[in-house]
Amino acid sequence: IYGQASLINDLQAMAKVPLWITQDMEFGAAMRIEGSTRITPAMGIAATGDKRNAFIKGKITASEAKALGVHQIFAPVLDVNNNPNNPAINIRSFSSDPKTVADYGLAFIQGIQSEGLVATAKHFPGHGDTETDSHLDLPVVQHSYQRLDSIELVPYVSAVNGGIKSIMSAHISFPRVSDREGIPGTLDKHLLTSLLRDSLGFEEMIVTDGLGMKGITKHFSPGKAVIEALGAGADLMLMSPDITTAIDELEQAVNDGTLAMERINVSVRKLLQWKADHGLLDTKQLIDIPTLSHKVGLPAHESEARRIAQ
């Protein structure tokens, strides 16, 4: 807890423009921060049969995240757990039923947003029906649009209609939906722009899954991945394996006309607007470290986590 708080304060103090801090917190802040509250993963939440528990989980997670200097949480997982051989999703999903995933996912999102933080639904358009882990290779899913629309997209439609501010892309190829063979969804304009933005009406921030995952790095250089993701419609690039090379290749693409500077500016303006909306451009909002013990890992939070687990 204190290590993270001190690091973020140091980084914010150094930054010319206040930093936007994001963190993966699918089962509470304890997913990444020792000493904070661990809460049952998604499948256990849905097993309680009470959507209120998903809201409480989101609220506690966001409350502790906010105290630790975080602005955006990479959760919930809205993948439908419809393949028993899936090595990557399983208990991270609320259910094999799309409506259950939609209902519990939206409650979790509302819990996060009740604390003023940004929730991130993932992994669009759906990582549930895969037998390959995109951390290790590029999964290929041979579903038609009609199949996606009836199962995988149901939770995302609910989230978009419910006001989700951020959606994370999946490094998965959908050859029957895309017009490009073997292209990961993260780099696919047909999926991120035509489907997510145009068809589903999502106008907020798209973030990539980790660009260091082998579903990307086996097939694309660091810069090519960022250039393709921007072209596809993504705004935030997560965890490039080689940031310096990626920036150099991106700059070259702008200089030679491959990528328009205005495309980059669209995403930059979105992020600056978020920073303004959260008061970051007025003050860097440094963490008050002496008060953390009154905000993180509280007995009340632990009690709720135990109740939900039981």
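Residues numbered from 1 in each chain as written. Predicted model: local features only at pLDDT ≥ 70, side-chain atom pairs only at ≥ 80, totals over all residues. Heavy atoms only, no water.

Draft legend 1. Spatial organisation of the packing of helix 3 (residues 51–67) against helix 12 (residues 299–309). Look at helix 3 against helix 12: their axes get within 11 Å of each other, and the N-to-C directions meet at 150 degrees. Taken together, the axes of helix 3 and helix 12 lie roughly antiparallel to each other. Our pair here, helix 3 against helix 12, has a crossing hand that is left-handed. From helix 3, Arg 52, Asn 53, Ile 56, Ile 60, Ser 63 and Glu 64 reach across to helix 12, where they touch His 301, Glu 304, Arg 307 and Ile 308. Tallied by class, the residues present in the contact of helix 3 with helix 12 amount to three nonpolar, three polar and four charged. (Axes fitted to C-alpha atoms, helices over the stretch in contact; angles between N-to-C directions. Helix = DSSP H or I, 4+ residues; strand = E, 2+ residues; numbered from the N terminus. Parallel < 35°, antiparallel > 145°, perpendicular 65-115°, else oblique. Left-handed = near helix turned anticlockwise from the far one by under 90°. Contact = heavy atoms within 4.5 Å. Nonpolar A, V, L, I, M, F, W, Y, C, P; charged D, E, K, R; others polar.)

Draft legend 2. Up close: the pairing of strand 3 (residues 118–124). Among the seven residues in strand 3, seven count as buried, and that is most of the element. Two strands pair when backbone bridges link them, and strand 2 (residues 72–73) and strand 3 are joined in this way by two bridges, in the parallel orientation. Pairing of Gln 72 across the sheet is with Val 118, part of strand 3. What joins strand 2 to strand 3 is helix 4 (residues 98–113), and the crossover it makes is right-handed. When strand 3 meets strand 4 (residues 166–169), the two strands line up parallel, connected through three bridges. Among the inter-strand pairings, Thr 120 is bridged to a residue of strand 4, identified as Ser 166. (Buried < 20%, exposed > 50% of the residue type's maximum accessible area, 1.4 Å probe, protein only. Pairing = 2+ DSSP bridges. Right-handed = clockwise from strand over helix to strand, strands pointing away.)

Draft legend 3. Quick peek at the environment of Ile 206. Among the structural elements, Ile 206 can be located in strand 5 (residues 205–207). Separated by 54 residues in sequence, Ile 206 and Glu 152 have C-alpha atoms that sit 18 Å apart. Setting aside anything within four residues of it in sequence, one finds Ile 206 in contact with Ile 167, Leu 192, Leu 196, Arg 197, Gly 233, Ala 234, Asp 235 and Leu 236.

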